[in-house]
Each structure stands twice: as C-alpha cells, then as structure tokens.
Amino acid sequence: MANNSKSLAGNTSIKSTKQPNKNSDITNAKAEDLSRNTVDASEQWMTTDQGVRINDDHNSLKAGDRGPSLLEDFILREKITHFDHERIPERIVHARGSAAHGVFRLSESLHQYTKAGFLTDTKRETPVFVRFSTVAGSRGSTDLARDVRGFAVKFYTEEGNFDLVGNNIPIFFIQDAMKFPDLIHAVKPEQDNEMPQAASAHDTFWDFISLMPESTHMIMWAMSDRAIPRSLRMMEGFGIHTFRFINDKGKSTFVKFHWKPLLGVHSVAWDEAQKISGKDSDFHRRDLWEAIEEGHFPEWQLGVQLVAEEDEHKFSFDLLDPTKIIPEEMVPVKIVGTLTLNRNPDNFFAETEQVAFHPGHIVPGIDFTNDPLLQGRLFSYTDTQLSRLGSPNFHEIPINRSVNTIYNNHRDAHMRMQIDKGKVAYTPNSMGGGCPYLAKMSEGGFTSHQERIDSYKVRNRSKSFLDHFSQAIMFYQSQSEPEKQHIKDAFSFELSKCTIPGIRQRMVNNLTNVNMDLAGYIAGKLGIPAPGTIIPVFNGARPADADSGDYDSIYLDPPVDRSEALSMANTIKNTIKSRCIAVMMTDGVDAAAFTLLKKAITAAGGKVKVIAPVLGDVQANDGTSIPIDETLFNTASVLHDAVYILGGEEHAKALVNEPDALHFVNEQYRHCKAIGFHKEAAAFLKATYIKPGDGVITNGKVEDFINAVAMHRFWDREMARKVPA
Ligand code: HDD
C-alpha cells in the first residue's frame, strides 16, 4: 500500500490556535546551541527511531486479521519499549518546577570586586535558564502549597556555566548539610502512609522543627505569606549563602546575591491558596507560561551585598551561617543588572525536567566560603544527577551543556554524545601535543581562592552559630499588623494538624523566644495555656558527649530592630501589568462601559477575562455580542486578581439571581481584592456582604479601580471584618 500518512494528516489537521513558544525567534548563543537538537514535525513524515518512514501507526503486525501479534513487529516493539522507559526519578526535593529561558543584562560593572565576565562586561547579554520549584511536593503536586520556592538560575556565560541555585527566602532551616536528609525526611509525606502530599502541616515536620531551634528564623518566613506567592514572577530570589567574589588581583570580597522582582513581592491569602490548589493546581505554572506568551516578560533586578574581607567579623552573626541575613540597613543591596525571562521551553521534559543545577558550577571570579551547608551541597548535586539522569554525561544534555566546547580527558560512560578524536585521553602527554592545554590564571584558568586554614579537625558547630532567635525576632518585628496576623494564623493552622500534644507544646514554648504575643495567640488557638514567660530551649544539634551548655542556644539582640525590606507591605504597588481581572456579565450589559473598561485595563497592561453564567456570547444592551472567556461553573474567584461588575440595570438584576456570581464577589472581598462596581450595579452590590471603601470602588471610576488593583490586596479589610465566603 502506498505511504499516505502525510496526505491524511493534511486532510484532517487542525493547527492549534495556541501556538507554543510564541517567542521562539529570540536568539542568543544558548538558543542557537539548543537549535542543534530541536526538531519540528510539521510537514514531516513519521519515522522509526532508526529513520525508517512509518506506514501504519495504528495496528500491530498480526498473523491474520484476528491472529496473534508477531514478535518481528519492530515498530510496535520500539514504540512500547520507549514508552515503558519514559519516566526518570523525580528530584528528591524541588520535584515540581516550571522554567523559562531568558537573558541577563549587566548595568553596572563589578570589575572592582570580581573578574567574572558576565559581571564586568556591560555589553554582554548572558543567556539564562531559570527553574522555579516547590520543595516538598512530588512532580504532580499543587503549585500553591505552603512551601519555600526554589529559584535556580543557570547563566550560560562565555567562561562556562554559573548556577545560582537559590530560594525565595534568604535563609535556610539548618546550618549544616549533615541535617539535610533529616529535614527532608521530616517534611516529606510520612513514611508509613505517604501523607500528606506537599504540606508541612503534619507530625514529623513539627517534631523535627520543634527540636531544632536553628530553624526558628526560617520557620518564621515559611509561616509568612512568602510561602504562598501570588506568582513566581512576584517573588524575590536569594543565593542565601555568603559567596566570594575574586577580582583580577586575586582579592576576595564576600557577596550575597538578591533577585528583586519588578512587579513587587506579592502573595495570596492562605484560604485562597488552599482553594486554588483544587481549582487549578497548575496556577503558578500557567501564570508563568501565559505571561511569557503574552509578552509580559518577568523581570528581576540582580542585587549584591558586598562585605570586604577585613569586615568579616564585624557583625554579631556569622557570615558563614546560612540561617542569617545581612540586614539591608547594615549593607545595602547594590543593583547591578536585570534578568528577563522571554521564552518558554519547547519541551518540558527535555529542558525543565532534565536541567541539572549545581551550586558548585562556578566561573573564575566567583568562589565558595566555608558555610557548612554550602560545602555539603557541593557534593550532593552531582551525586543526585547520577541517579536522576543516569550518567556522568548529564552535562551533555542540551539544556545543561555550556556554550563553550568541552575539551578534557573525561571519557565514555552511559549515553556519551561527544566523539573525542585522537588516541590521547591523559595529561601530561606528548603524543597529543600536550593538548588540551591547561590555562594559566591570566588565560582564564580557574584557580581556587587561597585561604589560610590552620585548625583542628573537629566535628563541631561553631559558637558563632548558636544565636537562633535574634533574627527571628527582627523578622517578626518588621512585619505589618496583617502580616503578623497571617503568621499567627499559619502557625495555628499547621500546629493544629499536628496530632501530638507534646510537639505542639514544645513548639509554642520555642516561640516564646521570638514573641510572647505570638506564642500566646497560637496557644489559645491550640487550646493550651499561654506560657507566662520565655522558655529557654534545648539545642537539638548538640553532640551527645558535649559539655553541658557548650552548645545551647545563646541569646543576642537583633542586629536591627526592624528592617523595611522584610515586610511585603513595603513592596512595589504601582502596576497592574499582567493582572487577571474578571468582568462579570449577563445579557443586557452596558457595552459602552465594557469597551471603556477593557481599553483602560489593557492599556495599563492588565488582562480582562469576561465571565458569564454560560459559554458563548453575551448580548449587550446595544445589540452587539461579547464573547465569553470563562463561565461561573468552570472558573473561580481565586483565579483572578480583581473583579468588576458592569452596569446595565437589567444585567445587574439578573446577576443577583446567580448564586455563583454572588459567591464570586464575596470571596474576592474576603480575600481582600479590588472590586469595582459600575453605578448601575447597585442592586448587585446590595445583595452581597461587601462594604464600600478599602479597595471597593463604587463610584464607577475605572481609574480608581485600576489604582486599587495595583495595590494588590487590602489586608486591613480582613482584620476589620470577616465575611462568610
Ligand atoms: Fe538543594 C535541588 C535550593 C540546600 C540537595 N536545591 C535544589 C533546587 C533548588 C535548591 C532551587 C532545585 C534545582 C532545580 O530546579 O533543578 N538547596 C537549595 C537551597 C539550599 C539547599 C537554596 C540552601 C541554602 N540542597 C540543600 C542541601 C542539600 C541539597 C543542604 C544536600 C546536602 N538540592 C539538593 C539535591 C537537589 C536539590 C538533592 C534535588 C535535585 C537536584 O538537586 O538537582 O541535590
């Protein structure tokens, strides 16, 4: 039979209106490199993996129409074998992630501090691949879990790959990599029944945390709204550890890395997060993908905090302790460049799943410090790729490979792609002319920073690491009142899910070291007496044979009382770019008002979603049809940043009879979002629980509504009045 699959496809094909990767024409060194491995099946014949054109992909080869299948069917065997092996182990942590391509542009040279080319040459544009993730959940878990978010950036620099493998919280739970497996075993679903998924609200997590006072600062952040971001595009990123910059004279300067989002740092409400998890568990992934497709390229400024080597010991905390920040009041963040994400991946598995980050991927000009958490990470990340990606050749996977050609004497192993010519795979050699050559420092060769070490070999925790509370106190004191309330509520929720009273009590006792009001409130919610005094805590990381007291927590004053940068209340609130605004309507809606509203929102960079009781078109009051984007039964208020109720008296009255519409706006009110009412929508307003003021705009002025959306949330509203929704 003649091969006709191409013509058949021609007859039946419908080109998707959703074109993946709208921005695929963006080129740079990495995009060109990836294009060597990118294929597009459009207008092509289907082939086997050996390149043979396939004639029938629907039926296996059989002995007779109803006969047994034949082993010789290489097309069936190949298809099923490949399918059987499609899955690889998911990441042990950060399994669920979303990623995008982009570019880093340097605005201010740091040549005084580092010789890293991408941080000194302001003419360079460095391609990047960024993967965001949750930590605890599996690959298919929900985006809106209360969790830390990974923020991993791979810079494909001209001097090799540099990975900044950070989080959206500037500190970590533990001080020593030795405790990482314990931390992760405690937070992951419990080992007997694999519950709960993607949640820290369970016994083993709080058992561990309540015994590890060093986690106190981090747990304050994890219980804050930072752990439930509105969008991956609206969160900060941090390198966490203190790293070193090394300049061309070999001088070292300590550095901490910061990513500051141009859209500000915003979160959702906890009730909302839980509902989003049901309504759209891909909420963050979808938001990132759509923003990039729509041309709302997410952007962050790169900032650095620099500390001269001679100032290492001038702080009350240790720069090597990853449970501490350097308050911006003590060392300001210097903004030096911008990261822009402008292209979605072509293939989730090939890129987002196979990308392999490693804090040990550094380039000349950057070096490590002796932070014991960082040092342990330097081992873990290559090791994990060996089981996850299956071979030490994982650096050859297109998304991982450097834009530089690799020349060295590593050979063989599973899935080797590179074909190394010649006989020689050793150094020194004369048969290969001494190649590949070793580079002197002046020729770009990496040399580790020379640090004098003169000490005993000890299994120990430095005494400079034993203050576990001062920065937790500083963090709490820096929060606005609504933020403090959210932290209290988060602790109350999480500990109420812990079934063991002794653990709940121990955690409340620990929190007396942070704030008595906080501890008292949580105790009240847990139905236990509020502790009357601060209760000193046993330090869980103390070695068994330590002299009494040697390793107990020490109590220092916070480095600063309050730090503005720690409160999300002080973030950017001047834009509605890419915010999703619901416009609710039924037949009879005021067409002219809708046109004006949509024009104003779109001009400000927001996006309008028209919502009606059923799909199709709404008949407006001037006889025109307005196409519907979503319906009251297929979407939810929690998936939108704000809502506007249009006029047209008939329409407003009709909406009153839609319980889902009432629920929608009441819930928007409960979650402190901006709500706009056209003057003619008074009947609908009356039927809700909503009170005008505080982000509820009833004068019909679109400008006022847009300004309210830019404020993101009106958290005070929730403290004044709770509504059932
Ligand atoms: Fe880690 C993945 C961030 C401590 C061991 N880590 C991973 C990812 C991020 C971080 C963002 C996901 C990367 C991606 O998208 O593929 N990890 C951190 C930060 C830490 C940290 C900011 C503390 C400051 N991690 C840490 C320690 C260890 C690990 C102390 C082990 C001793 N992390 C891993 C890992 C992972 C990982 C098991 C899982 C998948 C992977 O590496 O590639 O090796």
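Residues numbered from 1 in each chain as written. Predicted model: local features only at pLDDT ≥ 70, side-chain atom pairs only at ≥ 80, totals over all residues. Heavy atoms only, no water.

1. So, the sheet that holds strand S12 (residues 607-612)
Within a beta sheet, neighbouring strands are joined by backbone hydrogen bonds and run either parallel or antiparallel to one another. Read across the open sheet, the 6 strands follow the order S15-S12-S11-S16-S17-S18; overall the sheet is parallel. Strands at the two margins of the open sheet, each flanked by one partner only, are strand S15 (630-631) and strand S18 (696-697). Here 4 bridges tie strand S16 (residues 642-645) to strand S17 (residues 674-677), and the two strands are oriented parallel to one another. When the bridges of S17 are listed, Ile645 appears paired with Phe677. (Pairing = 2+ DSSP bridges. Helix = DSSP H or I, 4+ residues; strand = E, 2+ residues; numbered from the N terminus.)

2. What to know about the UniProt feature "domain: Catalase core" (unreviewed entry) in the protein chain
UniProt feature "domain: Catalase core" (unreviewed entry): in the numbering of this structure it lies at residues 47-435. Taken end to end, residues 47-435 is 20% helix and 19% strand, and its first and last C-alpha atoms sit 41 Å apart. (UniProt positions renumbered as here; feature names shortened; annotations may be inferred.)

3. Quick notes on the pairing of strand S7 (residues 252-261)
With respect to burial, S7 is a largely interior element, 10 of its 10 residues being buried. By the alternation rule, side chains of S7 split into Ser252, Phe254, Lys256, His258 and Lys260 and Thr253, Val255, Phe257, Trp259 and Pro261, which are all buried. Pairing geometry for strand S5 (residues 237-238) and S7, over 2 bridges, is antiparallel. When the bridges of S7 are listed, Gly237 appears paired with Trp259. For strand S6 (residues 243-246) and S7, the ladder comprises 4 bridges, and the chain directions are antiparallel. Bridge pairing links Ile246 to Ser252 in S7. Two successive antiparallel strands, S6 and S7, enclose a turn made up of 5 residues, where Gly250 displays a positive phi of approximately 85 degrees. Sheet topology places S7 next to strand S8 (residues 299-308); 9 bridges connect them, and they run antiparallel. Looking at S8, one finds that Lys260 is bridged to Gln301. (Buried < 20%, exposed > 50% of the residue type's maximum accessible area, 1.4 Å probe, protein only.)

4. A closer look at helix H12 (residues 481-496)
In this model, H12 (16 residues) spans 22 Å end to end at C-alpha, consistent with the 22 Å of a helix rising 1.5 Å per residue. H12 sits mainly inside the fold: 12 of its 16 residues count as buried. All of the buried residues along H12 are Pro482, Glu483, Lys484, Gln485, His486, Ile487, Lys488, Ala490, Phe491, Ser492, Glu494 and Leu495. (Expected span 1.5 Å × (residues − 1).)

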